[in-house]
Amino acid sequence: MSDALQDRLFAELESYPLIDPHTHINPHAAASTTLADILGYHYYTELAHSAGLPQGVIEEEGISPKEKVARLVPKMAAIENTVQYSWLLDMCRDFFGFEDESLTEQNWEALYDKAEAAMAQDDWEQQVLKKSKLDQVYLTNDFDDPLAGFDTSLYVPCLRTDDLVFHLVKPEVRQRLQKATNSELGTVEELQAALTELFKHFKQNGARACAISIPPDFSPAAVEAGDVASIWLRLTQDESVADREKALLSQFVFWQLAKNCADFQLPFDLMIGVNRRVYEAGVFQGQDLYDRRTSLIQYRTLFNAFPQVTFPISVLTHNANQELVSYSWIFPNVVANGHWWYSNTPAYIEPDCRARLTAIPKTKYVGYYSDMYKLEFALPKFRMYRRVLAKVLAEDFVQGQKWSEKRALDLGHLILRGNVETIFGR
Amino acid sequence: MSDALQDRLFAELESYPLIDPHTHINPHAAASTTLADILGYHYYTELAHSAGLPQGVIEEEGISPKEKVARLVPKMAAIENTVQYSWLLDMCRDFFGFEDESLTEQNWEALYDKAEAAMAQDDWEQQVLKKSKLDQVYLTNDFDDPLAGFDTSLYVPCLRTDDLVFHLVKPEVRQRLQKATNSELGTVEELQAALTELFKHFKQNGARACAISIPPDFSPAAVEAGDVASIWLRLTQDESVADREKALLSQFVFWQLAKNCADFQLPFDLMIGVNRRVYEAGVFQGQDLYDRRTSLIQYRTLFNAFPQVTFPISVLTHNANQELVSYSWIFPNVVANGHWWYSNTPAYIEPDCRARLTAIPKTKYVGYYSDMYKLEFALPKFRMYRRVLAKVLAEDFVQGQKWSEKRALDLGHLILRGNVETIFGR
Amino acid sequence: MSDALQDRLFAELESYPLIDPHTHINPHAAASTTLADILGYHYYTELAHSAGLPQGVIEEEGISPKEKVARLVPKMAAIENTVQYSWLLDMCRDFFGFEDESLTEQNWEALYDKAEAAMAQDDWEQQVLKKSKLDQVYLTNDFDDPLAGFDTSLYVPCLRTDDLVFHLVKPEVRQRLQKATNSELGTVEELQAALTELFKHFKQNGARACAISIPPDFSPAAVEAGDVASIWLRLTQDESVADREKALLSQFVFWQLAKNCADFQLPFDLMIGVNRRVYEAGVFQGQDLYDRRTSLIQYRTLFNAFPQVTFPISVLTHNANQELVSYSWIFPNVVANGHWWYSNTPAYIEPDCRARLTAIPKTKYVGYYSDMYKLEFALPKFRMYRRVLAKVLAEDFVQGQKWSEKRALDLGHLILRGNVETIFGR
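Rules used in this analysis
- Residue indices follow the written sequence of each chain, beginning from 1 at its first position.
- To label them, take the chains in the order written and letter them from A, then take the ligands in the order written and number them from 1.
- Restriction of local features to residues with pLDDT of at least 70 applies here, the model being predicted, together with a cutoff of 80 or more for giving and counting side-chain atom pairs; totals for whole chains, interfaces and linings are based on all residues.
- To get the side-chain values, take all heavy atoms of the structure and skip hydrogens and water.
- Salt bridges are identified by distance alone: a Lys or Arg side-chain nitrogen within 4 Å of an Asp or Glu carboxyl oxygen.
- Helix and strand labels come from DSSP, where a helix needs a run of H or I of at least four residues and a strand needs a run of E of at least two; each type is numbered from the N terminus.
- Buried means the residue's accessible area, taken with a 1.4 Å probe over protein chains only, is under 20% of the maximum for its type, while exposed means over 50%, and partly exposed covers the values in between.
- The copies were overlaid by least squares, fitting only the C-alpha atoms of residues that reach a pLDDT of 70 or more in each copy.
- The contact definition used throughout considers only heavy atoms, calling two residues in contact when any of these lie within 4.5 Å.
- By buried area we mean the combined loss of accessible area, with a 1.4 Å probe, across both parts when two parts are placed together.
- Polar contact is the term for a pair of N or O atoms within 3.5 Å; when the atoms are in protein, one must be able to donate a hydrogen and the other to accept it, and sequence-neighboring residues count only if both atoms are side-chain atoms.
- Amino acids outside the nonpolar list (Ala, Val, Leu, Ile, Met, Phe, Trp, Tyr, Cys, Pro) and the charged list (Asp, Glu, Lys, Arg) are all regarded as polar, and Gly is one of them.
- Pairing of aromatic rings covers Phe, Tyr and Trp, the last through its six-membered ring, and needs centres within 6.5 Å; plane angles under 30 degrees mean stacked, over 60 mean edge-to-face, and all others mean tilted.
- A ring has a charge above it when a Lys NZ or an Arg CZ is no more than 6 Å from the ring centre and no more than 35 degrees off the ring normal.
- Only strands that DSSP links by at least two bridges are regarded as paired with each other.
- Every angle, taken between N-to-C directions, lies between 0 and 180 degrees, and every axis is a line fitted to C-alpha atoms, over only the stretch in contact when it is a helix.
- For every residue, the pLDDT score states the predictor's confidence, bounded by 0 at the bottom and 100 at the top.
- An angle below 35 degrees is read as roughly parallel, one above 145 as roughly antiparallel, one from 65 to 115 as roughly perpendicular, and any other as oblique.
- Note on convention: the crossing is left-handed when the near helix lies turned anticlockwise from the far helix by less than a right angle, right-handed when the turn is clockwise.
- A helix is expected to span 1.5 Å for every residue after the first.
- Taking the helix axis as origin, the arc is that swept by the directions to the C-beta atoms.
- Buried Ala, Val, Leu, Ile, Met, Phe, Trp, Tyr and Cys residues form a nonpolar core when they are joined through side-chain atoms within 4.5 Å.

1. A short note on the pattern of salt bridges
All names here are of chain C.
Working step 1: Under the counting rule described, the total for this entry stands at 90 salt bridges over all chains.
Working step 2: A salt bridge links Lys66 to Glu109; the shortest N-O distance between them is 3.3 Å. Of this pair, Lys66 sits in helix 5 (residues 65-76) while Glu109 sits in helix 7 (residues 108-119); the two residues are 43 residues apart in sequence, bridging distant segments of the chain.
Working step 3: You can call Lys66 partly exposed: its relative accessible area is 25%.
Working step 4: You can call Glu109 partly exposed: its relative accessible area is 40%.

Structure (structure tokens):
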């Protein structure tokens, strides 16, 4: 009975139109143009590299998209067990009618050509959106993105702030900020004003969130302008600044962002726990790992200082999930957000989803976002999540709590869609 | 077959009379008098607050119990998915014949009145004890509790020592200790004598344990009287004492407690991992969270120094459960105790129970305690645990190891009841 | 259907001949001679001790094997719930035809005698190997093991290096190294040469790996000869060396081993996370525990510096498993290896196996090793693992991904056997 029940719930969950609240879509080139856009996704290049394909073979300059796919396909057998590979099959089947069990050296080329033809259609992007039931797709925009030339009601801007918090010590980042805000940045006050300008610009263009990914050892603190005035001066005059001072500047900028989130009524998406470039010889976007020894206690000052700001939080590790459950249960302004990156496999989604769904107010869990770079990925990734959600709803609510299927599905809808609207605004 | 098997085992487990080895029951007012005693439990107030109900609305001074419930009920829909809410329904159904699916703005008042009438019966407390099959209820007594005016064979005293270890630097706590022990406390030796007095008093009144909750960063150490003599002197003379010295004093008092546990043959309940007042604007008892980065290695000195003392240990996080399993497996004096607070939801109880039950000697796992403040909560909380226990017994023993149901139930009885008697004494 | 499917897959997995890639077998006395060799395994002595049997009773000098078993048997009832006890029953049943439900004070002596007779057969070792389907058994050899007098194609040498990295400060260890390599060790260069000699010796004798167990706080670093030359000199002249300097020397030796693994093309088995002698009054081999707060980020320098060395990694805790999954997913030279010690119970193997099998390239997970001291243990331990593997293959691949049973079994074979051959060589 349980299998049939799960299948029924899953089928219903699959029918709900979605808002995808976190992606890396380029709104000017949202859909793929060849299979290389799909197989070139870091999940495949890094796994192929992990299985033995040299970085230089994968990322050789000047090779054609077709050549890139030709080089990756032979390594696919080595990763056929992974859930990431199952996304690939799902896309090939649903978008291109692929019917084989595996992608092989024998069958890939026909698929490549078929996909290329499909993707060449004028309305391919709309086809993918429709097939994937995507009503809206949130973006990850650089702070100096002009946000022009696309439909911001479909592709919703979000202000990504990693560069501001962690890379403002680089002259090129400061120059980008100067240019984007047409300001001098000679003083901390001017920096503050520039940050405010960014929020105005994003808010005027329909932004729904400010977002940042954060290393495991970062702790927000109420650093004020006066604390960093001299550091900023020296930095802008190319004088030496100690690491400790750079860290203070990061905390200052972070705190300013939180203040602006309060002023501009934007949620502040925190994606906590990633160390960048741990494996420097890895493929593009396949170099980041982590130190799992991080705690939300590092954010206590922040959560207490900004009760009016909503913090949708993603944690990189399953280890951290219980803290996220507990902090969301206690802090009104903390919300559990999706299943991120290294925790985005069913082996971790299922226990994490179950723990959240049975202990946090139902209004405070945003079920899923795809994190995708190309539109085609929403379908298989959300499908993976919906399967897990169907299982948890079946086992813990319909069977465990004797809920009706209707009631369980209403909960599922809230988690998948309703909370996105409530928390990020419509 | 598995579902039917679990149901059979569960039904049997439900029939066993219990000793609840850790509660916060006030023996002078053990049962609830209105539904506000139930909905006022921090699990509901903090979740309602988390879901958006302001602290000031929940805890406004002077409002009647009925008004309090009236204010909380509208937020119950937002937490209907939580296991905590399922306890509420279980209580309403089993104690007051409530038959609706949810507690709503439409039906709560009738339930309130019905509950009030039921609770007004002279023998309500006895009814609850009987219905919940509670033979004994262990208390959490302040060190200066006179332990008088109640039946200590039903409501069993336990000496709670958080104040002594962590708050003795406060003059009011020292005054309470002076008064309770009728001593001077001018010297460390007098402090030692006073602590011994407390143990005498508690032991004479049938106490079964000394207990304490501990922050994640605390490490017991063999600090002796000579190490803190001058600190104590300055403290009692209102001279300045550094934080480092206060920490040393905490370690000293803790070590004295362990010595007294040895001398008076009392188990020392350690509840490890809570940070108090992390969310200071939260509701009463809804402000505590944690830093999950704690380890039982911090207790190695203690466990080695006191082989004659049993340490029933509760860990706040699922992350810490494997350490508890491993330390209980190696140290004869370490015992796994219940499923505490943020780990007290089925999503964590199940894996934690399974890991314990398949790797620790069966005599060293105290299955559950309710941690309740009002008697009505034992029934739904133990029921939740018994359901999980039935599942683990069915899957891992009857099906996995081909045990007979009888044998699995004997194991269940030991975990639920037998070990409480053996470990805490009868 | 799922149960029958699991049983079918399990039966097939049980039929595969094995290579056991990590054991503590003494090739000169591989099989047991009495039941005391089995019940004397630290898993039973430490659990019996944990359940209350004094260390002095278990390890009294001069008692006969039979007396030792007689003393342990009465405590077996207290650990009958553990998976470790189920191994015992499996061995007694499969090797000695034991048919009772439990090992008791009534039936143990007949079993003891029966086992002794069986073990006295000339070909007992061969019988066990055959019944357990063991083609090869990897050893754990001290660095000064002559590796003579046994069939190294059956019992494959591996160079264990804990003593070299962590105990070279002890004169007796340096003397053993001098003697084994016939060298002076007066300078660091001589130490380097001696280490190289060891690798030559082991490689010539068919060694398949260099291995080490590591405490949670160790971090490899590129310490070169010049950094420790003066430390080494003072050490060899019995002058005082600070703890900090000893730690530097450990890092130096460790780095030399990694270099030698590169030069001699040997995998470097890292078993990460154990603290030795935490419970000093425990039984033999029953004293080690851990601090779970360790991270693979401590190994980033190592993994980056030696891309040509394969690092099969065992983690002591379930907490650490996701890092192992992620690091194996990103680093081509990191491989997930078995389920070690405190994580070697089904409650942890199942989630850990599932997380690995659905996210790491299938070629990079060595399913299991027995870690056994006596040959008889391979059978029940691998059986436990194969049961879990059958469950994961059934649920996640045949049911979840609609794989054929044949395809799932091919994956199972790779994990159980194929990867051992590929990663450690044949």
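2. Overview of the relation of the copies chain C and chain B
Working step 1: Note on the identical chains: chain C maps onto chain B by a rotation of 120° and an axial translation of 0.0 Å, with an RMSD of 0.0 Å. Taken together, the turn and the small shift mark the pair as related by a three-fold rotation axis.
Working step 2: The overlap is low: 10% of the interface residues of chain C also sit at the interface in chain B, so different surfaces are used on the two sides.

3. Concerning the interface of chain C and chain B
Working step 1: Contact residues are listed per partner, giving 40 residues for chain C and 37 residues for chain B.
Working step 2: Buried surface at the junction of chain C and chain B, summed over both partners, amounts to about 3,200 Å²; 52% is from carbon and sulfur atoms.
Working step 3: At the junction of chain C with chain B, the criterion picks out 4 salt bridges.
Working step 4: Where Glu80 of chain C meets Arg407 of chain B, a salt bridge forms, and the shortest distance between an N and an O atom there is 2.9 Å.
Working step 5: Our count for the chain C to chain B interface comes out at 27 residue pairs in polar contact (both at pLDDT 80 or more).
Working step 6: Examining the composition of the side of chain C that touches chain B, we find that 5 residues originate from one element, helix 3 (residues 42-50) of chain C, more than from any other.

4. Looking at the interface of chain C and chain A
Working step 1: Each partner contributes residues to the interface: chain C has 37 residues there, and chain A has 40 residues.
Working step 2: Across the chain C to chain A interface the summed buried area is about 3,200 Å²; carbon plus sulfur atoms make up 52%.
Working step 3: Of all residues in chain C, the largest losses of buried area upon contact with chain A belong to Gln322, Trp329 and Ile330 of chain C, amounting jointly to 25% of the total for that side.
Working step 4: Viewed at the interface, chain A and chain C are joined by 4 salt bridges.
Working step 5: A salt bridge links Glu80 of chain A to Lys362 of chain C; the shortest N-O distance between them is 3.0 Å.
Working step 6: Counting every contact that joins chain C to chain A gives 27 residue pairs in polar contact (both at pLDDT 80 or more).
Working step 7: Within the residue set of the side of chain C that touches chain A, elements represented by two or more residues are helix 14 (300-305), helix 15 (321-330), helix 16 (346-357) and helix 18 (405-424) of chain C.
Working step 8: Looking at the side of chain C that touches chain A element by element, the count peaks at 9 residues for helix 15 of chain C.
Working step 9: Here the side of chain C that touches chain A is built from residues that sort into 16 nonpolar, 13 polar and 8 charged.

5. A closer look at the packing of aromatic side chains
Working step 1: Scanning all chains against the criterion turns up 93 aromatic pairs over all chains.
Working step 2: Here the aromatic rings of Phe268 of chain B and Phe311 of chain B are separated by 6.2 Å at their centres, their planes lie at 35°, and the arrangement is tilted. Linking Phe268 of chain B in strand 6 (residues 268-272) with Phe311 of chain B in strand 7 (residues 311-315), this pair joins segments that are 43 residues apart in sequence.
Working step 3: Given a relative accessible area of 0%, Phe311 of chain B falls into the buried group.
Working step 4: Here the basic side chain of Arg387 of chain C rests over the ring of Phe10 of chain C, its NZ or CZ set 4.4 Å away from the ring centre.
Working step 5: The ring of Trp403 of chain C carries Arg407 of chain C above its face, with NZ or CZ at 3.9 Å from the centroid.

6. Considering the relation of the copies chain C and chain A
Working step 1: With an RMSD of 0.0 Å, the operation that places chain C on chain A is a rotation of 120° combined with a shift of 0.0 Å along the axis.
Working step 2: Of all interface residues in chain C, a mere 11% are interface residues in chain A too; the two copies therefore contact each other through different surfaces.

7. Let's talk about the sheet that holds strand 1 (residues 18-20) of chain A
Sheet strands associate in pairs through backbone hydrogen bonding, adopting either a parallel or an antiparallel arrangement.
Residue and element names in this part refer to chain A.
Working step 1: Pairing within the open sheet is parallel, and its 3 strands lie in the order 1-2-3. Where the open sheet ends on each side, the last strands, each with one partner, are strand 1 and strand 3 (155-156).
Working step 2: Relative to strand 2 (residues 134-138), strand 1 runs parallel, the two being bridged by 3 bridges. What sits directly across from Leu18, in strand 2, is Leu134.
Working step 3: Helix 17 (residues 378-399) rests against strand 1 and strand 2 of the sheet, and its axis sits at about 110° to strand 1.
Working step 4: Each of strand 1 and strand 2 is contacted by helix 18 (residues 405-424), which is oriented at about 55° to strand 1, the strand it contacts most.

8. Brief notes about the confidence of the model for chain A
Working step 1: For chain A, the average pLDDT comes to 97, and 100% of its residues sit at 70 or higher.
Working step 2: Across the interface, the model reports ipTM at 0.97; the global pTM reads 0.98.

9. Looking at the environment of Phe252 of chain B
All names here are of chain B.
Working step 1: Looking at the element boundaries, Phe252 is found in helix 13 (residues 243-264).
Working step 2: Among the residues examined, Phe252 registers a relative accessible area of 0% and is labelled buried.
Working step 3: Residues Phe252 and Leu296, 44 residues apart in the sequence, show an inter-C-alpha distance of 19 Å.
Working step 4: When sequence neighbours within four positions are dropped, the list of residues in contact with Phe252 reads Val188, Leu191, Gln192, Val223, Glu224, Ala225 and Val228.

10. Brief notes about the packing of helix 15 of chain C against helix 16 of chain C
Residues and elements named next belong to chain C.
Working step 1: Across the interface, helix 15 lies against helix 16 with an axial gap of 10 Å and an inter-helix angle of 15°. The pairing of helix 15 with helix 16 is recorded here as roughly parallel in orientation. Once helix 15 is placed against helix 16, the crossing between them reads as right-handed. When helix 15 is examined against helix 16, the residues Asn321, Leu324 and Val325 are found in contact with a partner set consisting of Asp352, Ala355 and Arg356.
Working step 2: A per-class count over the contact of helix 15 with helix 16 returns 3 nonpolar, 1 polar and 2 charged.

11. Regarding the sheet that holds strand 4 (residues 158-160) of chain C
Residue and element names in this part refer to chain C.
Working step 1: The strand order across the open sheet built from 6 strands is 4-5-6-7-8-9, with neighbouring strands paired in parallel fashion. The open sheet has two free edges, formed respectively by strand 4 and strand 9 (365-366), since each of these has just one partner strand.
Working step 2: Here strand 5 (residues 209-214) runs beside strand 6 (residues 268-272); their pairing, made up of 5 bridges, is parallel. By the bridge assignment, Ser213 is partnered in strand 6 with Met271.

12. What to know about helix 1 (residues 2-14) of chain C
Residues and elements named next belong to chain C.
Working step 1: Relative to the 18 Å expected for 13 residues at 1.5 Å per residue, helix 1 spans 18 Å between its end C-alpha atoms, a close match to the ideal helical length.
Working step 2: Along helix 1, the residues that are buried comprise Leu5, Gln6, Leu9, Phe10, Leu13 and Glu14. Looking down the long axis of helix 1, one finds its buried residues gathered within 165° of arc, a one-sided arrangement.
Working step 3: Elements that come into contact with the buried residues of helix 1 comprise helix 17 (378-399) and helix 18.

13. So, the nonpolar core
Working step 1: If you look at the biggest cluster of nonpolar residues, it comprises 468 residues, and the most contacted ones within it are Leu270 of chain A, Leu270 of chain B together with Leu270 of chain C.
Working step 2: The contact partners of Leu270 of chain A, leaving out residues within four places of it in the chain, are Ile212, Ile214, Phe254, Tyr299, Leu302, Phe303, Phe311, Pro312, Ile313 and Ser314 of chain A.

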